[in-house]
Amino acid sequence: MTDDGFREFVATRGLALSRMAYLVTGDHALAEDLVQETLVKVAARWRKLTKEGDPEPYVRKVLINQLRTWRRPRRLAFVPTADLPEPSPSTDESAQTELKIALLRALSVLGRKQRIVLYLRFYEDLTERAVAAELGCSIGTVKRHTHDALKRLRQVAPQLLEMEVRS
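Residues numbered from 1 in each chain as written. Predicted model: local features only at pLDDT ≥ 70, side-chain atom pairs only at ≥ 80, totals over all residues. Heavy atoms only, no water.

On a plain count of helices and strands, the chain comes out with nine helices and zero strands. When the helices and strands of the chain are placed in sequence order, the string is α-α-α-α-α-α-α-α-α. Of all 167 residues assigned to the chain, the portion counted as buried reaches 36%. The long-range share in the chain, meaning contacts at least 24 apart out of those at least 6 apart in sequence, stands at 67%. With the model as given, the accessible surface of the chain reaches about 10,800 Å², and the carbon-plus-sulfur share is 53%. (Helix = DSSP H or I, 4+ residues; strand = E, 2+ residues; numbered from the N terminus. Buried < 20%, exposed > 50% of the residue type's maximum accessible area, 1.4 Å probe, protein only. Contact = heavy atoms within 4.5 Å. Areas by Shrake-Rupley, 256 points an atom, 1.4 Å probe, with all protein chains shown as cover.)

So, in structure tokens, the structure goes:
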């Protein structure tokens, strides 16, 4: 049985799928499980997907649906603290590390749907219409989730705006 490009797809887009899963779950182990379960489901339909065109939107949709249907609720394993770790003297990337820590803390207070919408809108750079199609909801719902998530991020992490301007 030939894989008709499935292995190539996993090799080229697997890291992006893992990144998406991590940003949505906040946990590397859960992200790996999510991607693995997604790819198992997609592999069974791979030939049909490639005949229909670009399989990536479908793969993302399966990943999101897989996340929604997991039986036990997932919580972010990241526990926010008030103290940042001391930067290493040999590191010039302290500002980037600070930004990443602040962003992870801020994202940990958002709901799962809000994180998914932010990921698709701003990381994958999809339009509101495309996100709505991926999630099977209205454009208004996407707008509401985006608005509420950004408002919450501004409340819990105003330093992200300052850091972005400085960078």
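Below, the discussion takes up the packing of aromatic side chains. All chains considered together, the criterion is met by three aromatic pairs. Aromatic side chains Phe6 and Trp46 sit 5.1 Å apart centroid to centroid with 75° between the ring planes, which places their arrangement in the edge-to-face category. Note that Phe6 is positioned in helix H1 (residues 6-25) and Trp46 in helix H3 (residues 46-52), a separation of 40 residues in sequence. Classification of Phe6 by relative accessible area gives buried; the value is 16%. Relative to Tyr123, the ring of Tyr119 has its centre 5.1 Å away and its plane inclined at 20°; by these criteria the two rings are stacked. Here the residue Tyr119 and the residue Tyr123 both occupy positions in helix H6 (residues 112-123), the gap between them amounting to four residues, near one helical turn. With relative accessibility at 41%, the residue Tyr123 sits in the partly exposed group. Within the aromatic cluster, the residues linked to one another by ring pairs are Phe6, Phe9 and Trp46. Across from the ring centre of Phe122, 5.4 Å away, lies the NZ or CZ of Arg121, which sits over that ring. (Phe/Tyr/Trp six-rings, centres within 6.5 Å; stacked < 30°, edge-to-face > 60°. Lys NZ or Arg CZ within 6 Å of the ring centre and 35° of its normal.)

The subject of this paragraph is helix H7 (residues 128-135). Buried within H7 we find Val131, Ala132, Glu134 and Leu135. Looking straight down H7, one finds that the buried residues subtend no more than 160° of arc, so they occupy a single side. Seen from the open side of H7, the exposed residues pointing more than 90 degrees away from its buried face are Arg129 and Ala133. The elements touched by buried residues of H7 are helix H4 (56-69), H6 and helix H8 (139-156). (Arc of directions from axis to C-beta.)

The subject of this paragraph is the pattern of salt bridges. Applying the stated rule across the entire model yields five salt bridges. Across the pair Arg13 and Glu56 runs a salt bridge, and its minimum N-O distance is 2.7 Å. Taken as a pair, Arg13 in helix H1 and Glu56 in helix H4 lie far apart in primary sequence, 43 residues in all. Assessed through its relative accessible area of 25%, Arg13 is described here as partly exposed. Residue Glu56 is classed as buried on the basis of its relative accessible area of 14%. A salt bridge links Arg144 to Asp148, with the shortest nitrogen-to-oxygen separation between them at 3.0 Å. Of the two residues, Arg144 and Asp148 are both situated in helix H8; the distance of four residues between them amounts to about one turn of the helix. According to the relative accessible area criterion, Arg144 is partly exposed, its value standing at 47%. Taken together, the shared-partner salt bridges connect Arg13, Glu56, Arg60, Glu124 and Glu134 into one network. (Salt bridge = Lys/Arg side-chain N within 4 Å of Asp/Glu carboxyl O.)

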